[in-house]
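Listed below are the residues making up each chain.
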Amino acid sequence: MANMKTMKYMRGTAVIAFCAMLFTASVALGETIKEGDSADEVKNASPAAAILSPAVNQTEKPKIYSKSKERLISIVTERAQILQSRWEALALRLDNISERISSRMSKMEEAGYDISEAGELLEKADSKIEDARDKFKETVAIMVSEAEDSDGTAKDLYRIEKEVINPGKEAVAVSFNEAKETLNDVIKALLKSEKAGVSN
């Protein structure tokens, strides 16, 4: 009976000593696993840390704070507003040029000049201006939509810049340049009509 008590006492002492050893090792290494640690952090932790710490969901994805997403939406929205303001100002200037040309054409037509070629080109120019408007409105809408659907990370901002903003700017620039070139063609056609004189 004495031997059994002695054996139980020795086993209990061994268990306590083992737990104390694990605790000391864990504290010394500073590897306590916390709720929310990544899978790599858990993998690299010591066995002592794994035993003494609560279970960790290793498949849990990093949390994205709403402030980060709000910040990205704010940045992209502000950028979209600046671009739209610039593009709309350019479109209005081209509209103004088109209206002045149209007024000049009406006077020339009343005077008897043939303005048929210039009239066709002006319609084409107006169509190009509206095409540019459609493109920049679409670009602005996609920018904001992509920001709202993102996770709010720096990679998302880079992706929106690369995949939405830059291609959109190029497409809008092409449409505006085509509109300006066509307006120049209208002016050339009017000068040609003036040189040809009044039609009989």
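Residues numbered from 1 in each chain as written. Predicted model: local features only at pLDDT ≥ 70, side-chain atom pairs only at ≥ 80, totals over all residues. Heavy atoms only, no water.

Caption draft 1: Broad picture of the nonpolar core. Counting residues in hydrophobic clusters, the biggest one holds 32 residues, and the most contacted among them are Met105, Phe176, Val186 and Leu190. Secondary structure elements with two or more residues in this core: helix 4 (66-111), helix 5 (116-149) and helix 6 (154-196). For this core, the element with the highest residue contribution is helix 4, accounting for 11 residues. Residues in contact with Phe176, not counting those within four places in the same chain, are Trp87, Leu90, Ala91, Leu94, Ala132 and Phe136. (Core = buried A, V, L, I, M, F, W, Y, C linked by side-chain atoms within 4.5 Å. Buried < 20%, exposed > 50% of the residue type's maximum accessible area, 1.4 Å probe, protein only. Helix = DSSP H or I, 4+ residues; strand = E, 2+ residues; numbered from the N terminus. Contact = heavy atoms within 4.5 Å.)

Caption draft 2: Just the confidence of the model for the chain, in detail. The predicted model of the chain has a mean per-residue pLDDT of 77, with 66% of residues at 70 or higher. Counting contacts from residues 14-58, a segment whose pLDDT is below 50, to residues more than four positions away or on other chains yields 31 contacts. (pLDDT = per-residue confidence, 0-100.)

Caption draft 3: The arrangement of the side chain of Thr182 in detail. Structurally, Thr182 can be placed in helix 6. When sequence neighbours within four positions are dropped, the list of residues in contact with Thr182 reads Leu121, Lys124, Ala125 and Lys128.

Caption draft 4: The environment of Ser102, seen in detail. Its location among the elements puts Ser102 in helix 4. Of the residues examined, Ser102 reaches a relative accessible area of 33% and is grouped as partly exposed. With 21 residues separating them along the chain, Ser102 and Glu123 place their C-alpha atoms 9.9 Å apart.

Caption draft 5: The arrangement of the pattern of salt bridges in detail. As enumerated under the stated definition, the model contains 10 salt bridges in all. In this structure, Glu161 and Arg79 form a salt bridge, with 2.9 Å as the shortest nitrogen-oxygen distance. One end of the pair, Glu161, is in helix 6; the other, Arg79, is in helix 4, and 82 residues separate them in sequence. Linking Lys192 and Glu117 is a salt bridge whose minimum nitrogen-to-oxygen distance equals 3.8 Å. (Salt bridge = Lys/Arg side-chain N within 4 Å of Asp/Glu carboxyl O.)

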